[in-house]
Amino acid sequence: MKTVLWDYLRLIENLYQRSVSYWCREMEAKDIIPAFVSEIKGFLAQDEGLRLFELALEACSLGPCLEIGSFCGKSTVYLGTACKLKRRTLFTIDHHRGSEEQQPGQLYFDPDLFDSETGLIDSFPYFRNTIERAGLGDVVVPIVTKSSVAARDWMTPLGLIFIDGGHSYETVLTDYQCWHPHLLPDGFLIFHDIYLNPAMGGQAPYEVYKLALSSGIFEELPMTNTLGVLRRYKTVMVKE
Ligand code: MG
């Protein structure tokens, strides 16, 4: 693990050095990030992480990126490294009290994250540790609250929005409704945990994904594993 950490930190150091060509740095990042994040708690597959990295690289030419549901920072490292490479900001929103399915007695409860003094889940120390180890402190801006609260006075147009917070229909719908108006034309709206087959997983993210698609303002791009990717049209399409 020490070698992996050293490789990653050397990569991060090199991201700002113009002596190393941009393409070399991008290719190196794709090799190194998966090894670095392999020990971070989380539910993101490697192919999904690498797609997030590629989409963020493209989105950064439009504006900053935003993720909802950071947990311990696995997806944050993929998105944040791309933002660092492009000198952009990644905003992350998570109340860090765990989503519905991570509470005691639920399917994804993790006792490591349970604070017995408060009786609450707290993933923020893990998240902060990930960001510090990854050298992304000057890229990632953590917003520790509910997504609807963070959205209340939000004014910054975004190049990419990644929705991976709570997985109940109401929560995913709220995240979509609060944030998609801030997406720039050509920007990416990405949902995690899209299961086309109901036997494979919960359907709430897919239901909201279909709702977004039916709005007519997004183009559907190819999926990667359970990553559903929409792109905002440059101009609004009017249905006949
Ligand atoms: Mg997820």
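Residues numbered from 1 in each chain as written. Predicted model: local features only at pLDDT ≥ 70, side-chain atom pairs only at ≥ 80, totals over all residues.

Looking at the overall build of the chain
Looking only at helices and strands, the chain has eight helices and nine strands in total. For the chain, whose C-alpha radius of gyration is 17 Å, the value lies close to the compact-globule estimate of 18 Å for 240 residues. Overall size of the chain, expressed as C-alpha extent along the three principal axes, is 55 × 45 × 35 Å. Evaluated residue by residue, the chain yields a buried proportion of 44% over its 240 residues. Within the chain, contacts between residues at least 6 apart in sequence are counted, and of these 69% link residues at least 24 apart. (Helix = DSSP H or I, 4+ residues; strand = E, 2+ residues; numbered from the N terminus. Rg over C-alpha atoms; globule rule 2.2 N^0.38 Å. Buried ≥ 20, exposed ≤ 12 C-beta atoms within 10 Å, placed from the backbone. Contact = placed C-beta atoms within 7 Å.)

Quick word on the sheet that holds strand 5 (residues 140-143)
An order of 5-2-1-6-7-9-8 is seen for the seven strands of this open sheet, with the pairing classed as mixed. The outermost strands of the open sheet, each flanked by one partner alone, are strand 5 and strand 8 (218-224). Across the sheet, the axes of successive neighbouring strands diverge by a mean angle of 20°, strand direction being ignored. As paired elements, strand 7 (residues 183-191) and strand 9 (residues 227-232) share four bridges and run antiparallel to each other. Bridged to Ile190 within strand 9 is Val229. Helix 8 (residues 204-214) rests against strand 7, strand 8 and strand 9 of the sheet, and its axis sits at about 160° to strand 7. (Pairing = 2+ DSSP bridges. Axes fitted to C-alpha atoms, helices over the stretch in contact; angles between N-to-C directions.)

As for the pairing of strand 6 (residues 158-163)
Of all six residues in strand 6, six are buried, a share of seventy percent or more. In this sheet, strand 6 lies alongside strand 1 (residues 65-68) in parallel orientation, the contact comprising four bridges. Within strand 6, the residue paired with Ile68 across the bridge is Ile163. For strand 6 and strand 7, the ladder comprises five bridges, and the chain directions are parallel. Bridging from a neighbouring strand, Leu160 pairs with Phe188 of strand 7. One crossover worth recording links strand 6 to the parallel strand 7 by way of helix 7 (residues 169-179), and it is right-handed. (Right-handed = clockwise from strand over helix to strand, strands pointing away.)

What to know about the packing of helix 7 against helix 8
Where helix 7 meets helix 8, the axes come as close as 8 Å, and the angle between the chain directions of the two elements is 35°. Seen from above, helix 7 lies across helix 8 with right-handed handedness. Contacts between helix 7 and helix 8 involve Tyr169, Val172, Leu173 and Tyr176 from the first element and Ala204, Pro205, Glu207, Val208 and Ala212 from the second. Residue classes in the contact of helix 7 with helix 8 are distributed as eight nonpolar, no polar and one charged. (Left-handed = near helix turned anticlockwise from the far one by under 90°. Nonpolar A, V, L, I, M, F, W, Y, C, P; charged D, E, K, R; others polar.)

A word on the domain arrangement of the chain
Here the domain parsing of the chain yields domain 1 (1-32) and domain 2 (37-232). Placing a centre on the C-alpha atoms of domain 1 and another on those of domain 2 gives a separation of 24 Å. Counting residues at the interface gives ten residues for domain 1, matched by ten residues for domain 2. For the side of domain 1 that touches domain 2, the secondary-structure elements that each account for two or more residues are helix 1 (2-15) and helix 2 (22-37). Of the residues forming the side of domain 1 that touches domain 2, the biggest block, five residues, is contributed by helix 1. Per-class residue counts for the side of domain 1 that touches domain 2 are seven nonpolar, no polar and three charged. (Domains from an automatic or database assignment.)

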